Structure formats: structure tokens, C-alpha cells
Amino acid sequence: MAEAADFPGTSPSPARRWLRRTAALLAGAPLLAGALQLPAAPVADAAVPGAAAKATGSSTVDVSLNSLTPTAPTEDDTVTVSGTVTNNGKQTVTGAEVGLRLGPALTGRSQIDAAAKRTGYQPGADGAEVGGKYVEKVSKLAPGVRTDFSISVPVKALDLGIDGVYQLGVSLTGRTSAQPWSQVLGFERTFLPWQAEDADTKTKTTYLWPLISTSHLTAETGSDEQQTPVFTDDDLAKEIAPGGRLDQMLSLGRKLDVTWVVDPDLLASVDAMTRSYRVQTADGRSTTAGRNQAVAKQWLNDLEQTVQDEKVVALPFADPDLASLAHNGKTVSGSLGQLKGATDVGAEAVETILHVKPRSDFAWPVNGALDPSIVDVSTSAGAHTVIARSDSLRETGGLPYTPNAARPIGGGTTAVVADDGLSTAFQGDMTGAENSTLAVQKFLAQSLMVTLQDPDKQRSIVVAPQRMPTASQAQSMAKALTALSEERWSEPQDLTAAAKAKPDPAATTKVPSAGSYPASLRKQELPRSAFQDIQDTQNKLNRFKTILSEPDRVITPFGRAIDREMSTSWRGRAAEADGFRRGVQNYLTTLTQQVRLIQKSDAKLSGRSATIPVTVQNNLVQGVDHMVLRLTSQNPTRLKIGGEAYWEQPVKIAGGHAQSVKFTTTANANGPVPVYAQLYTEDGQPYGKAVRFDVNVTEITLTVMLVIAGGVLLLVLAGFRMYTQRKRAARKQAEEAAADGSDHGPDDGPDGESGAESGDDDPEQPSDPTPDTAPESTDPSDTGERVDR
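Since the structure is predicted, the reported quantities are computational estimates derived from the model, not experimental observations.

**Points about the pairing of strand E29 (residues 671-681)**
For step 1, the next point in the chain: The buried fraction of E29 is high, at eight of 11 residues.
For step 2, the next point in the chain: With seven bridges joining them, strand E25 (residues 624-633) and E29 adopt antiparallel strand pairing. When the sheet's bridge partners are listed, Val628 is paired in E29 with Tyr680.
For step 3, the next point in the chain: Alignment of E29 against strand E30 (residues 686-697), held across nine bridges, turns out to be antiparallel. Following the sheet pairing, Ala677 is matched in E30 by Val691.
For step 4, the next point in the chain: Counted between consecutive antiparallel strands, the loop separating E29 from E30 contains four residues, among which Gly684 sits at a positive phi close to 90 degrees.

**Concerning the sheet that holds strand E1 (residues 61-69)**
For step 1, the next point in the chain: If you trace the three strands from one edge of the open sheet to the other, you get E1-E2-E6, paired in antiparallel fashion. Whereas interior strands pair on both sides, the edge strands pair on one side only; in this sheet they are E1 and strand E6 (146-154). If you compare each strand with its neighbour and ignore which way they point, the axes differ by 20 degrees on average.
For step 2, the next point in the chain: In the sheet, E1 pairs with strand E2 (residues 78-87) via eight bridges, with the strands oriented antiparallel. Paired with Ser67 across the bridge in E2 is Ser82.

**Quick word on the pattern of salt bridges**
For step 1, the next point in the chain: Taken as a whole and judged by the stated rule, the model has 27 salt bridges.
For step 2, the next point in the chain: With a closest N to O distance of 2.9 Å, Asp265 and Arg564 form a salt bridge. A residue pair is termed long-range when its members are at least 10 positions apart, and Asp265 in helix H7 (residues 264-273) and Arg564 in helix H18 (residues 552-564) qualify at 299 residues. Across the pair, Arg564 and Asp265 agree in class, each one buried.
For step 3, the next point in the chain: Asp361 is the salt-bridge partner of Arg359, the closest N and O atoms lying 2.7 Å from each other.
For step 4, the next point in the chain: Residue classification places Arg359 among the partly exposed residues on the basis of a relative accessible area of 29%.

**Notes on empty space enclosed by the protein**
For step 1, the next point in the chain: Tallying each qualifying case throughout the model produces three cavities of 30 Å³ or more.
For step 2, the next point in the chain: Approximately 70 Å³ is the volume attributed to the largest cavity.
For step 3, the next point in the chain: In terms of lining residues, the largest cavity is bounded by Ala314, Pro316, Leu322, Leu339, Thr343, Ser360, Phe362, Ala363, Val377, Ser378, Ala381 and Ala383.
For step 4, the next point in the chain: Counting only elements with at least two residues in the lining of the largest cavity, the list comes to helix H10 (335-354), strand E16 (362-363) and helix H11 (372-380).
For step 5, the next point in the chain: A class-by-class count of the residues in the lining of the largest cavity yields nine nonpolar, three polar and no charged.

**Regarding the sheet that holds strand E13 (residues 278-280)**
For step 1, the next point in the chain: Ordered by their spatial adjacency, four strands build an open sheet running E10-E11-E13-E14, and the pairing between neighbours is mixed. In the strand order of this sheet, the two ends are held by strand E10 (217-221) and strand E14 (287-289), each with one partner. The sheet shows a mean angle of 35 degrees between the axes of neighbouring strands, taken without regard to direction.
For step 2, the next point in the chain: Relative to strand E11 (residues 229-231), E10 runs antiparallel, the two sharing two bridges. What sits directly across from Thr221, in E11, is Pro229.
For step 3, the next point in the chain: Across the sheet, H7 lies against E10 and E11, angled at about 110 degrees from E11, the strand it touches most.

**Let's talk about the environment of Tyr680**
For step 1, the next point in the chain: Relative to the assigned elements, Tyr680 resides in strand E29.
For step 2, the next point in the chain: On the basis of relative accessible area, Tyr680 is assigned to the buried category, the value being 17%.
For step 3, the next point in the chain: Here the alpha-carbon distance between Tyr680 and Val651, two residues 29 residues apart in the chain, equals 9.6 Å.
For step 4, the next point in the chain: Non-local contacts of Tyr680, meaning those with residues more than four positions away in its chain, are made with His626, Met627, Val628, Arg630, Gln685, Pro686 and Tyr687.

Cut-off values and rules
Residues numbered from 1 in each chain as written. Predicted model: local features only at pLDDT ≥ 70, side-chain atom pairs only at ≥ 80, totals over all residues. Heavy atoms only, no water. Buried < 20%, exposed > 50% of the residue type's maximum accessible area, 1.4 Å probe, protein only. Helix = DSSP H or I, 4+ residues; strand = E, 2+ residues; numbered from the N terminus. Pairing = 2+ DSSP bridges. Axes fitted to C-alpha atoms, helices over the stretch in contact; angles between N-to-C directions. Salt bridge = Lys/Arg side-chain N within 4 Å of Asp/Glu carboxyl O. 1 Å grid on protein atoms, 1.4 Å probe; cavity = no way out; pocket = protein on both sides within 12 Å on 5 of 7 lines; lining within 4 Å. Points joined across faces, edges and corners; volume = space filled by probe spheres on them. Nonpolar A, V, L, I, M, F, W, Y, C, P; charged D, E, K, R; others polar. Contact = heavy atoms within 4.5 Å.

So, in C-alpha cells, the structure goes:
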């Protein structure tokens, strides 16, 4: 942050101004004394020949500062500094002593950063030795030898002046045979935050406490009713076991006032471990039974108890990489919809497993780095607040103090800008006591300096550390937050309150351009091809689920696996990310291939019609439905199926069964005809591979054709014969009737009857001839109509 003055914007009281002047005079006294003693420089290493070389001699002995307690002392405390000194030179150090050097009060955050970067001892800038009895003698220190030290000094003996941050140095002075005068041969510096009394106006500090891990669950589940989950490894058990990284995050966090930021995938994975689960072997070809159910239950129960009545922020499921999606994935159809689904599922998972209502409207891009496309993607899934960082959303107005974290960035979106210096304070290796101690003291110094920048103006700041702190990093973070919990210059605040704080009108609100996005972060992003693979998997899943009787058995595990393919945890692990995506795709392909057509051999058709069976196999544990099987003739003029070029029939098969579907065919000519069998979903999408086979019509010979033609001719002749017979009979009957009428007249009958006589003398009415072929039957073909497979 820019700092234009010592503590700009303050109006100190007369007493405070007097203290500052007095402190300035006292701080300048050693410098003046040093200037007056310059003629005596032969025994001081600043004025003899080769002074530059002697100045670098302060690295001869490595001083390691391993502990400073208390981290932020009060007036009645005693400061204890302990550590080790190691002779890295080639000569024995004699007449040595380890002492403390108190430098002047620093006037801004930039001075803290500058002091932390300095190496070696710099006379004047590193203060005068406290001296007296507050030193530890080291009579002799041979090359390569290390020895411990511990120095305790009452705070009152340090003569601290005004409230502020003081540089505190630990030096080893001594002699060597090559330079037989007393000089500083080793030096280490840290910071001592000093607040004599509680501040009247305290800074509100929000600290995010992330519970995030890498992806461990696969898309594979067992065929049992419980769908036993399969893990890629059992490393998650190590993280949640006592002493593990996530166990440390939980046990430390429960003692702190923090905002919990949770990846729902972590909760779902641990929850899956509480029951029966399996773990892939190293070669990925088999699985073994997982045995850490008790560890998973304990960790999840402890977490549930810890977060009750606490603020919990749920990230989208599997913590998707928002920057990768914005830069490489949003042009791939369906990718943004995947993010929205992950957001909804994530909030539901946290509430179901932890029984707390989380906030799910916060987006957290990697390292808080923003550009307009990242903001657009973040808000597309329902987020109203984006967690940024001050090294991305930089101050350009020359503010002499750290402004409030909340900033309106347009479109109703708020950016919560985490402080860069505080957020990155515990990155790096914190396993060594020295690194941890220095990091804690610098963090506290920067925190106090934020308050002292403008003591009368309350600020609201946010600290967003790395996503997956190591156990040692978490311990260092907790140590610093424990010191802040005394609330002498800082008080805790949750993230929701920080987002609602009144924005500073002078703070920057302009989102950086796309060109300013860090190249180092861009190199780690998921490529566009990854999002294309993800969408291909989603499309295949969409087709597959439509045929299943229990689609949830595949929608849930594969849907969550697709979410994991977009995870931020893949950054810097391109090969592992690609392998995970391939594993999901291959397993889904394996499942879809369990529903397939059985390969069919060529068929011989002996006759004009026959029934051709096609078999569909379902090796899934659940039934399939909503499918049709289409049989298509490539030459319908020669071979028709169901009287058409193709015919379809519905398919419904129970799990682990096969079904033979029969199609009626009609042949009109000899020769082979290619036929294709293809499964389709109800919406007309092809499913699986088509099966091709030939139907060879072999017995429609010339003789058969002649017989058929003769039969047709006989039918025509028979019809003509019946027609002529009927005409002849009708004409004869008409002639007989006319003859009778002329002989007898109307009254000739003996009984007074008229008309033709009835009885056996009536002419015979020929019946319709018996057809040559029987009516078409739907029964299976007889022995004269067979299909050889």
C-alpha cells in the first residue's frame, strides 16, 4: 500500500507529539554517538581498509531466531528471544557474545517490507545493542559448530517509546584470528509490535480458514445397492488422521475466530469414507478395501460440532477454476451451466453433511486475481461477491492508508479485496522454527501498522491465505491469530460483515484489464481442450442416462466427477488432470458398452419371407428402457423389412439379461443384401455401434419364378372360365323363361302359379375357386422358410 507520511491522517495529542519527539531524539542519539566515534574506527569494522568486505562478514555466523515470546509484549512482560548460532566460517570465533539490538520505530508498511528484505548487519540502521546483562557469552565457536542461546529482557529495559513497530535484531559479535577485533559476525532481524494500551479504534480483521483438498474420488462405484465409492488413493485418510494437514486445520481453527471456507467435495469425500469404500491400486487395475472409516467419522463429527453457529462459506463443488473457465472454457458450450450446477450442489452438500446453512454467493478466483471475464464468469453462477487481492486490484489514488476491503466494481457486484501482504505472510516453508517465527512477527507488525496508519479511522480488512496450507503453515497462521485475539489493535469480523462494510470512496474500484492478468497464473490454467473433453463426457452421460431405469445411479457419481475435472487443485498438475479426465471418460465408455448388439453372422434366406432375430445384451445391473432397435435393408427392392426399407421395435431389457428382437423380411430377388442393426434412443440419437450382416436369398430360382408365373396364369384363366360360364348360364336361363311365357301365359299354371318352377331343375351356381395360397400368417416360418445363421 502507498504510504505518503509517517502515520498520515492523524491528529496526535500534545502528549503523543512530545513522546514522538523524545523518541526521535533518543533514536538519533546512537547515530550521533557513532558519528563522533568515527576517528576510532580501527577497532570498528567501518573505517579500516576493506570495509566493504568486513561489512559482508556479518554472514560468517548464521544466527537463527527460533522463538520470540511474547509475540506482542505489554509493558510488564519480559521478552525472551532464543535460537542458535552456527559458525559457517573457516576460523574459530573467540570472545563472542549474543545480544539484542533495538532499532528505531518504523514509519510505514513499506519500511517493514524493506527491512525484512535486507540481509547482513548494517551499522546505524540496525540499532544499538541493549547490552549490559542482557547478553549471552560464547567463549569459543569452532567452524561448523552450533550452539543455542536464550536472552530475556524486561520490556521496560528496552525503553520503547511511542506505539509502533520496532526492528529487533539478534547479533553475534566476536573475533577471528584474521580479524582480531570485536565485530558483528552474524545478524538476524525481526519485528517487535508495541502497543502500550488497547487502541481506541481497532481494525476489523477477517481471516479466511480454508478446508480444501485435491480430488480423491473417482466416478466408479460398486454394483451393490449402496454403490460403494472408489478412491484414486487413500491419501485423504492421511490428511484427516491425527496430526494430518486437515486435522491440524480443524483442531487449530476451532480455537480461532475465523470464517470457514469449505470445498463441498472434501466433505462429500470424507462422508463417503465413513461407510464402505474401495481404493484403486497403484496400477489402477484393481481395488482394495478402505479401512479408515473411524478416522473419517471422527473428523467429520468434530467439524460439524466446530462450525455450529459459525460463518461458513461454501465454494462451488470441487472448487472450480474460475480463471481457467473464463479464459479457456466459456466458449465451450455447456461449461457455464456446469458451474451453476456445481454451485447449487455445493451448498446443498454442506447443509446436508454439516447441518449448517452456508453462504454460497462468494466467488474466490485463484490468488484473488481478477479481470473482466473472471468477474463475468463468477457472477454467472449466482455469486454477488468476488474475493480479490490487493496485488490485483491495486490502489491508484495514492491513499496513505489501507482502505476497507469492500469495493463496488459495477453490475451490483462487490469485490472483497484481501490484503496482499497479510494474505501471503505464511507461504513457503514453515517447518523450520526460524521461518515461522519471522513470519509471525512480520504479520503482527503489518497488522499493527494498518491500525497506526490512521488511528482514528476504523478499517475493515480481509486476509485470504493460500487455498491448501500445510500443517506447519497452519500452525504459524494460528500462532499469529492467537496474538491478534487479545484484541489490542484488532478485532475479528466475519466475511459477510466485511463485504457489507462501507467502501472507502477513494479506493480503487476498476477491475484490471485482461492483459494485466499474471502470466505465471495463466500458464497453470486448464486448456480449452480440457473443457471440450469435459463437455464430450457430459454429452455422452446425457445420452446414456436416457435409457436407464435408475439414472441417478450414474448421474450423481459422474456429475460430481465432471465437477472435479474443473477443480482449481489441478493447477500445476497438467498430467494428473489429463489422466483424471481420461479415467472418467474411459469408465463411462465401459458402462455404455455394456448395452450392445451381439455380433451377428450372415443369414441365408430360403424362400420369399422369413423372421430374422437380432439380440441385444444388457450387462448393467439395472434395466434399460426407452430404446428402439432399427433394422435397415441397404437394398429394399431386393429385401424388405416389415414391408419397408427399415423397421423399428422398442427394446426393454432387465439388468444382466439379453433380448432377441425378431423382424419379418420379404425377399423379391436372389443375392446378398447388406443389413444394418442399430440401437437408438427415443429421441433418435444412435446408441453404440451398428452391426452389419448380409442376408443372402438363395432359393428364388428360375424354376420357382416360372412356377409362380404359371400359378398366376392359372388364376387368370380360372377367373376367365368362371366369367364365361356365368354368362352362358344367365343367357340360357333367360331363353327358357321366354319360351315358358309364350306356351302358357300368365294363368297356365294348374295351381294358378306363375314364373319358373323351383326345385332340383335350377341351374348350378359355381362357387369361387379355392385360392392357391393360404392367408398370410404371423406364425414363425415353417420348414420351407428358414434362416440359416
